[in-house]
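Each chain, letter by letter, is given below.
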Amino acid sequence: MFKVKIIIIALISSFLMKAQTVVLSGYLQDAASGEALIYANILVNNYGSGTSTNEYGYFSFEVPANQKLRIQFSHLGSQSLELEIRLSQDSIVNLKLEPSTSELSEVTVTAEQNNLVQQVQDTRMSTINVQLAQIQNIPSLGGEVDIIKAMQLLPGVSKGGEGSSGMFVRGGDADQNLVLLDEATVYNLGHLFGFFSVFNPDAINDLVMIKGAFPANYGGRLSAVLDVRMKEGNDQEFHGQGGVSLLSSRLMLEGPLVKDKASFLISGRRTYIDQVFGLVGISLPYYFYDLNAKVNWKISPKDRIFISSYFGDDVLNISTDSAGVEEEGDSASTAGFGLDFGFQLGNMTQTVRWNHIYNPKLFSNLSLTHTAFRYNIFGNFIGNSILIRSEIRDLGAKMDFTKYQSNNLTLKYGGQVINHSFRPNIISTQGEISQALSNSQGRLQSTLELAAYTDFAYDLSQRFRIQGGLRLSATAVKNRFFIGPEPRLSARYLINDESSFKMSYSRMYQYMHRVSSSSVALPTDLWYPVSEKVKPQSADQIALGFEKAFPDLKTLVSVEAYAKWMNNLIEYREGANLILNDNFEEQLLQGRGTAQGLELLVKRDAGRLTGWIGYTLSWARRDFDELNEGRSFWAKYDRRHYLSLVANYEFTKRFAFSAIWEYTTGARFTAQIGQYIVPNPSLTDIDIIPVYTDRNAVQMSPSHRLDLNFIIRGNRDKRFKSEWHLGGYNVYNRATPYRINVELMEDGSYQYSQPGLFGFIPSIAYNFKF
Amino acid sequence: MKKFIPFSLCFPKAFLGLAAMLVLFSCRPEPLFISVPQLESKIVVSSQVIPPNVLLISLSQSFSALQNVEDDSTGDILNQIILKNAAVSLSYDGKEDSLIEIDNGFYIGVDIEAIVGSTYQLKVSDSLGRSVSAQTVLLPEVTFDSIQPVVERLPEDTIVRIQYSLSDQSGANWYMINYYSNVSNEDSSFTVGNILGQGNPEGYLGTDLISDQEFAPDGTFRNERVFFNLDEDSAVVAISIANISEEYYNYLILRERAGNIFSQIISEPINYPTNVDGGLGFFTLHYPSFRFFAIRDY
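Everything numeric here is computed off the predicted structure, so don't read it as measured data.

**Some points on the overall build of chain B**
Phase 1 of the analysis: For chain B, the helix and strand inventory stands at 5 helices and 19 strands.
Phase 2 of the analysis: Relative to its full complement of 298 residues, chain B shows a buried share of 32%.
Phase 3 of the analysis: Across chain B, the fraction of contacts at a sequence separation of at least 24, relative to all contacts at a separation of at least 6, is 63%.

As structure tokens, this is what we get:
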């Protein structure tokens, strides 16, 4: 009887409390551009609660009814806004924050401090939101601003070879990263064999790197999520920006179609490497281009539609006229060959998104995505022609709901379906070569990847918050159905307003993999799904972290330790032939991997001096029964230490300086340590057979590099703003080893040498905005 | 074919020139040097049966990766790696025969009894006190069921198709087929002994490695191999077939896949398997069976 009374009292109290609160919801936007302000902070100062906007700039929270409230809205890079309001009923307010103009203004400082505190108080860990403004200032190869290269400077992210776009996150492989552009998967991240990323910085609004503690709405890859969101287009006035660098030019135009209602953005980039190298006598008949476009339309206060698209291609076309052989004085014979060789490869993505508010507490997003990656390789010679084509194409739909149940409880749930179509190795030949290589339509494979998820964030107390969820993923392939439960859990304990402990556990499944030799990742590598024989890869990861904000120093310190166990990882049999091989499953091996590490990040996002110091101590091993004679071996990009210093310093409004210094333990290498001679099997000749160390047993020399960039800006008060970037990559010209050669020395002996790919490269770039 | 306006016409030449100058100012870094411990020298074994009953064993030793045998004009390295004065014996069917050193690390056994299905054990010990051993089974000689060249004479080339069929032996089997052509016009010099004994890299046309998994359900295997650029008047094509062991087949498959320059560039390097206990190389006994065809006759 006593228990029943308590329950009744609790229900009545709950009802009364409910009756005493109202819901404040709406969108937060940048006043100048109309862009959604993602993960902005909202604090009710005299009520002790707060929230943040979601990935679409929407917020919803409960406040006491009929009370005078002081609500503060803040976002890094914007001036904070404080409202004093009294609400008697549920209210929708769409607010705009002015961009910050002075670093010392009180409203800007408040935004910076709130941002730091929010990061500490956030349940998410292993997640880094890098400010695009910082990335645009840091030095880069050839003056090309590159967000992937910036991500590679973060702790926990190991790069592949020098200059490459490959990311090896927390001991994972390069194909274990889910890279999304407006929620569509991007399969190939690099242009020019990976030296430049496919993301045009002018078109990007926001990017988040998640290395662990994955929210349940993400899945499909083991190691990381890089969620890149394009700008929506300025719905206030027409603007443009662009730039000219050593290797490319770019231009972005944006403006309202209907003010406050609809806007567009279009952005393009093209290289002229072919022209530049041509002027110094080097024939390089290659170029790449990108095109981003987006339209958004606010149909009603409750409905918004976004349509975005990306196209990008790399094109190489070598013909007898441009192959450079003529310069060696043999033009007649060259012309006789009639050589024509080249390739065209690229991505395209399209996304249609519909945001709908059912009621102030229920927000939904529907995304329809299409993505394709394909390449064509062609050759014509002496009456023969060959065309090799491969393609992967995804059609996906994703529905997400966010239910703001109360200030203590937010629920997310949704589902996703993706149809993957793979058509590799379509071969068309003509002439004598068709005797050796017959025509093929490739083996079309389609798989369906499904996922349903639910995720909640709940405040157990003012200090203790948990976020948990379950993602149930599955894929249907011929004669087999794989299902993978993926539990996720994160917890945060607030020591005080400025420091917290965090922990997380997550399991991820991956239903597709890149078919590639592990030595070199090529843009022509194929993606393939799991099959009757090939099981999905999975990973379990735990992480523990401590975060401390120093608001006066505008600095955040984060320390995280992680351990990861990976199963059914993919490698290929020794000597596997993957080129034009439709039956590569026979060459595939599955094994285990482990990774452990400790990461330190000291980050400063505001003030004259911004940037970060990142340090990683890590280990990554692999274990395959049929590789390395069954012995465990180090992962290729197992790097014990990695230290990066990234600094931007604003001397004056018109002059800034930026520098990167990084130190990394060398990548691992399987070195030749001996050789022997034997007759070949036909007994017609002698073969020299190399003898190698255990797989990846040798570590190349550590490398370090300094890059500098000076920024000189024009008058910033004018509508047309411009800036010059004068930079240098690898200013002290030290080699970053990427391979080991045996080199003949002056005394006639041989030694192992480690060449570097890029030495000192000066750069100049001109950027403008209007 | 689409025609584009040359990009250089619509872009200021001055900036391209500046960019080109900066490209010229770019530097290439000096390589860094690293020390890697070298492999301890090991005895290397290879073998060949020369029909009808000669066994040839070649012995050498492995050497440092920092020695360049290809530029060894004086022959110093070759002299160092040839294994001389080794004791070589072969045990089989309750007998033991010693092999005789003939020249340059070659050891020969001439009265070796060929007992198909018997296990032969090779033992080698050298003057440095190193010893290795290996064993293999002598496999039966096999022949083609049918084999013939089909010659297609085109204005620009002569295409030769070698069409053959063979029947599977009992049990699990693996086969090696080698193709050779003559280099000189003298047909008389193109013999089994010359092919196997003297080396003829220019005349080597290719190898097929076949597992009986690839045979049709009726136990037969039909295939053709196409060759271009053979002289239709003087070319003679020789084809050998041998029944080889599974481990030797796997070793050859690995060498075929990993040995080409493309694989060496893009694939992980690998260590080839060996059946020599304590050493390197491969000890195998198989009988090659030869057929010869003069192209002008077809």
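**What about the overall build of chain A?**
Phase 1 of the analysis: The helix and strand inventory of chain A stands at 7 helices and 48 strands.
Phase 2 of the analysis: Taking 770 residues into account, the globule formula puts the C-alpha radius of gyration at 27 Å, and chain A, at 28 Å, falls close to it.
Phase 3 of the analysis: For chain A, the spread of C-alpha atoms along the principal axes amounts to about 95 × 70 × 50 Å.
Phase 4 of the analysis: Taking all 770 residues of chain A together, the buried fraction comes to 46%.
Phase 5 of the analysis: Here the contacts in chain A between residues at least 6 apart in sequence split such that 64% fall between residues at least 24 apart.

**A word on the nonpolar core**
Phase 1 of the analysis: Met151(A), Val45(B), Ile57(B) and Leu59(B) are the most contacted members of the largest nonpolar core, which totals 148 residues.
Phase 2 of the analysis: At 7 residues, strand β16 (residues 236-244) of chain B tops the list of elements feeding residues into this core.
Phase 3 of the analysis: Residues contacting Leu59(B), with those up to four places away along its chain left out, are Ile43(B), Val44(B), Val45(B), Leu83(B), Ala86(B), Gly105(B), Tyr107(B) and Val124(B).
Phase 4 of the analysis: By size, the runner-up hydrophobic cluster in this structure holds 19 residues, among which are Leu28(A), Ala40(A), Tyr58(A) and Leu97(A).

**Points about the environment of Gly26(A)**
Residue and element names in this part refer to chain A.
Phase 1 of the analysis: Mapping Gly 26 onto the fold places it in strand β1 (residues 21-30).
Phase 2 of the analysis: For Gly 26, a count of 20 C-beta atoms within 10 Å gives the class buried.
Phase 3 of the analysis: Each C-alpha atom of the pair Gly 26 and Phe 61 lies 9.7 Å from the other, and the pair is 35 residues apart in sequence.
Phase 4 of the analysis: In contact with Gly 26, other than residues within four places in its own chain, are Phe 59, Ile 92, Val 93, Asn 94 and Leu 95.

**Quick notes on the sheet that holds strand β17 (residues 224-230) of chain A**
Across a sheet, paired strands are connected by hydrogen bonds in the backbone, their directions being either parallel or antiparallel.
Residues and elements named next belong to chain A.
Phase 1 of the analysis: Taken in spatial order, the 5 strands of this open sheet run β9-β16-β17-β12-β13, and their pairing is mixed. What marks the edges here is a single partner per strand, and that holds for β9 (127-129) and β13 (184-185).
Phase 2 of the analysis: In this structure, strand β12 (residues 177-181) lies alongside β17, joined through 5 bridges in parallel fashion. Across the sheet, Leu 178 pairs through a bridge with Val 225, a residue of β17.

**A word on the domain arrangement of chain B**
Phase 1 of the analysis: We note that the domain assignment places domain 1 (43-137) and domain 2 (146-271 + 288-297) within chain B.
Phase 2 of the analysis: One C-alpha centre belongs to domain 1 of chain B, the other to domain 2 of chain B, and the line joining them spans 26 Å.

**Quick notes on the interface of chain A and chain B**
Accessible area lost during the coming together of the parts is what is often quoted as the interface size.
Phase 1 of the analysis: Listed as interface residues are 61 residues of chain A and, on the opposing side, 63 residues of chain B.
Phase 2 of the analysis: Of all the secondary structure elements, the ones that give two or more residues to the side of chain A that touches chain B are α5 (273-279), α7 (433-436), β41 (672-679), β42 (686-692), β47 (750-754) and β48 (761-769) of chain A.
Phase 3 of the analysis: Sorting elements by how many residues they give to the side of chain A that touches chain B places β41(A) first, with 8 residues.
Phase 4 of the analysis: When its residues are assigned to classes, the side of chain A that touches chain B shows 36 nonpolar, 21 polar and 4 charged.
Phase 5 of the analysis: In this structure, β47(A) lies alongside strand β1 (residues 32-34) of chain B, joined through 3 bridges in antiparallel fashion. Directly across from Gln754(A), in β1(B), lies its bridge partner Leu32(B).

**Regarding the pairing of strand β2 (residues 43-50) of chain B**
All names here are of chain B.
Phase 1 of the analysis: With 6 of its 8 residues buried, β2 lies for the most part within the structure.
Phase 2 of the analysis: Taken together, the 8 bridges between β2 and strand β3 (residues 54-61) define a ladder with antiparallel strand orientation. Looking at β3, one finds that Val 49 is bridged to Leu 55.
Phase 3 of the analysis: Hairpin remark: β2 followed by β3, antiparallel, with 3 residues in the connecting loop.
Phase 4 of the analysis: Relative to strand β18 (residues 280-282), β2 is paired through 3 bridges, and the arrangement is parallel. Within β18, the position partnered with Ser 46 by the bridge is Phe 282.

**Some details on the sheet that holds strand β13 (residues 174-181) of chain B**
Residue and element names in this part refer to chain B.
Phase 1 of the analysis: Spatially, 4 strands are ordered β14-β13-β16-β19 in an open sheet, and the strand pairing comes out antiparallel. Every other strand in the sheet has two partners, leaving β14 (204-211) and β19 (289-294) as the edge strands with one partner each. Mean inter-strand twist for the sheet, computed between neighbouring axes without regard to direction, equals 15°.
Phase 2 of the analysis: Bridge count between β16 and β19: 6 bridges; the pairing is antiparallel.

**A closer look at the pairing of strand β16 (residues 204-210) of chain A**
Working note: regular strand, side chains alternate between the two faces of the sheet.
Residue and element names in this part refer to chain A.
Phase 1 of the analysis: With 5 of 7 residues buried, β16 lies mostly within the body of the structure.
Phase 2 of the analysis: Bridge count between β9 and β16: 3 bridges; the pairing is antiparallel. Its bridge partner being in β16, Ile 128 is matched across the sheet by Met 209.
Phase 3 of the analysis: Taken together, the 6 bridges between β16 and β17 define a ladder with antiparallel strand orientation. The partner of Leu 207 across the bridge, within β17, is Val 228.

**Section: unusual backbone geometry**
Outside of glycine, negative phi angles account for most residues, and trans bonds account for most peptide bonds.
Phase 1 of the analysis: Backbone geometry at Asn66(A) places phi at a positive 60°, although glycine is not the residue there.
Phase 2 of the analysis: As for its placement among the helices and strands, Asn66(A) is situated in the loop between β4 (58-64) and β5 (68-74).
Phase 3 of the analysis: Residue classification places Asn66(A) among the exposed positions, given that 10 C-beta atoms sit within 10 Å.
Phase 4 of the analysis: One non-glycine residue, Asn229(B), adopts positive backbone phi at about 60°.
Phase 5 of the analysis: For Asn229(B), the location among the structural elements is in the loop between β15 (220-227) and β16.
Phase 6 of the analysis: In this structure Asn229(B) comes out as exposed when scored by C-beta crowding, with 10 C-beta atoms within 10 Å.

**Brief notes about the confidence of the model for chain A**
Residue and element names in this part refer to chain A.
Phase 1 of the analysis: Mean pLDDT over chain A: 86, with 91% of residues reaching 70 or higher.
Phase 2 of the analysis: Segment residues 1-17 is flagged for pLDDT under 50; beyond a separation of four residues in sequence, or across chains, it makes 0 contacts in the model.
Phase 3 of the analysis: Note that pLDDT drops below 50 for residues 322-336; the model gives that stretch 12 contacts with residues more than four away or on any other chain.

**Concerning the environment of Gly17(B)**
All names here are of chain B.
Phase 1 of the analysis: Relative to the helices and strands, Gly 17 resides in helix α1 (residues 13-25).
Phase 2 of the analysis: A residue is classified by how many C-beta atoms lie within 10 Å of it, and Gly 17, with 13 of them, is partly exposed.
Phase 3 of the analysis: Note: C-alpha distance between Gly 17 and Glu 96 (79 residues apart in sequence) is 79 Å.

**Structural notes on the domain arrangement of chain A**
Residues and elements named next belong to chain A.
Phase 1 of the analysis: Once the domains are mapped, chain A shows domain 1 (19-103) and domain 2 (128-666 + 701-769).
Phase 2 of the analysis: On the side of domain 2, 25 residues touch domain 1, which itself brings 21 residues to the contact.
Phase 3 of the analysis: Counting residues per element, the ones that place at least two in the side of domain 1 that touches domain 2 are β1 and β4.
Phase 4 of the analysis: The biggest single contributor to the side of domain 1 that touches domain 2 is β4, with 4 residues.
Phase 5 of the analysis: Its residues placed into classes, the side of domain 1 that touches domain 2 shows 10 nonpolar, 7 polar and 4 charged.

**Quick look at the confidence of the model for chain B**
Residues and elements named next belong to chain B.
Phase 1 of the analysis: Looking at chain B as a whole, its pLDDT mean stands at 83, while 86% of the residues score no less than 70.
Phase 2 of the analysis: Per-residue pLDDT stays below 50 along residues 1-5; that stretch engages in 1 contact with residues further than four places along the chain or on separate chains.
Phase 3 of the analysis: Among the prediction metrics, the complex's ipTM stands at 0.87, with pTM recorded as 0.84.

Cut-offs used in this document
- Residues numbered from 1 in each chain as written.
- Chains lettered and ligands numbered in written order.
- Predicted model: local features only at pLDDT ≥ 70, side-chain atom pairs only at ≥ 80, totals over all residues.
- Helix = DSSP H or I, 4+ residues; strand = E, 2+ residues; numbered from the N terminus.
- Buried ≥ 20, exposed ≤ 12 C-beta atoms within 10 Å, placed from the backbone.
- Contact = placed C-beta atoms within 7 Å.
- Rg over C-alpha atoms; globule rule 2.2 N^0.38 Å.
- Core = buried A, V, L, I, M, F, W, Y, C linked by C-beta atoms within 7 Å.
- Pairing = 2+ DSSP bridges.
- Domains from an automatic or database assignment.
- Nonpolar A, V, L, I, M, F, W, Y, C, P; charged D, E, K, R; others polar.
- Axes fitted to C-alpha atoms, helices over the stretch in contact; angles between N-to-C directions.
- pLDDT = per-residue confidence, 0-100.

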